[in-house]
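# Descriptive analysis of the structure
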Amino acid sequence: MNRFYYRSLLARLSDDIEIASDAAKAGLELARKYQLAIPAGRMNFALSYLYALGGYSGEAIACLEEARTLLKDSGKPYLESEVHSRLSTAYFISGNYSLALEEAETSLELRRQNNDSHGEAFSLGLVGRVYNRIGRCQEARTTLIEAASIFRR
């Protein structure tokens, strides 16, 4: 399973999107066949990134929603919060700012529950970015200053 994930990653880094996509799809198919939730979730992460690069935000969101379902009860809270962060970004790119904010806030809550300060700062950045886009500039500023102070610790 890791072979497909890392092949996809290396192909992405070398800008060979076709090979990256084929590797991610093969890994996802194998993970589904053997009902391996965490590897399937990670392969969906890889595919969502590739779809987003190609401008296919709907497909990227579908992959991430599947990942959310797969990783919800994985026992790996960092993966659950990561999928919410990625969904926030995908919704932001697609222009759905209300869902982007909802996912960013969910990620923030999960990261705080798990004492993940780096993840907390990252999620605050996502929240601040949405606030800025929807015109809540003072809240964006406050949130981004909070994120920066956490990153400096």
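Residues numbered from 1 in each chain as written. Predicted model: local features only at pLDDT ≥ 70, side-chain atom pairs only at ≥ 80, totals over all residues. Heavy atoms only, no water.

For the structure shown, the criterion picks out one aromatic pair. Aromatic side chains phenylalanine 92 and tyrosine 97 sit 5.4 Å apart centroid to centroid with 65 degrees between the ring planes, which places their arrangement in the edge-to-face category. Exposure remark for phenylalanine 92: the relative accessible area of 9% places this residue in the buried category. Overall, the relative accessible area of 24% leaves tyrosine 97 in the partly exposed class. One cation-aromatic arrangement involves arginine 86 over phenylalanine 45; the distance from NZ or CZ to the ring centre is 4.2 Å. (Phe/Tyr/Trp six-rings, centres within 6.5 Å; stacked < 30°, edge-to-face > 60°. Buried < 20%, exposed > 50% of the residue type's maximum accessible area, 1.4 Å probe, protein only. Lys NZ or Arg CZ within 6 Å of the ring centre and 35° of its normal.)

For the pair helix 3 (residues 37-53) and helix 5 (residues 77-94), interaxial distance at closest approach is 12 Å and the crossing angle is 25 degrees. It follows from the interaxial angle that helix 3 and helix 5 lie roughly parallel. Note on packing geometry: the crossing formed by helix 3 with helix 5 is left-handed. For the pair helix 3 and helix 5, the contacting residues are Ile38, Arg42 and Phe45 in the first and Tyr78, Leu79, Glu82, Val83 and Arg86 in the second. Here the residues of the contact of helix 3 with helix 5 are counted per class, giving five nonpolar, no polar and three charged. (Axes fitted to C-alpha atoms, helices over the stretch in contact; angles between N-to-C directions. Helix = DSSP H or I, 4+ residues; strand = E, 2+ residues; numbered from the N terminus. Parallel < 35°, antiparallel > 145°, perpendicular 65-115°, else oblique. Left-handed = near helix turned anticlockwise from the far one by under 90°. Contact = heavy atoms within 4.5 Å. Nonpolar A, V, L, I, M, F, W, Y, C, P; charged D, E, K, R; others polar.)

Attention now moves to a nonpolar patch on the surface. Taken together, the side chains of Ile17, Tyr49 and Leu53 make up a nonpolar region of the molecular surface, amounting to roughly 270 Å² of accessible area. Looking at where tyrosine 49 falls in the secondary structure, it is placed in helix 3. (Patch = residues over 30% accessible without salt bridge, like charges linked within 9 Å, V, L, I, M, F, W, Y side chains within 5 Å. Areas by Shrake-Rupley, 256 points an atom, 1.4 Å probe, with all protein chains shown as cover. Salt bridge = Lys/Arg side-chain N within 4 Å of Asp/Glu carboxyl O.)

Here the focus is the nonpolar core. Soluble, globular proteins show a tendency: their nonpolar side chains are buried together. Counting 19 residues, the largest nonpolar core has Phe45 and Leu64 as the members making the most contacts within it. Mapped by element, the contributors of at least two residues to this core are helix 4 (57-71), helix 5, helix 6 (97-113) and helix 7 (117-133). Of all the elements, helix 5 adds the most residues to this core, at six residues. With sequence-adjacent residues up to four places away left out, leucine 64 is seen in contact with Phe45, Ser48, Val83, Arg86, Leu87 and Ala90. (Core = buried A, V, L, I, M, F, W, Y, C linked by side-chain atoms within 4.5 Å.)

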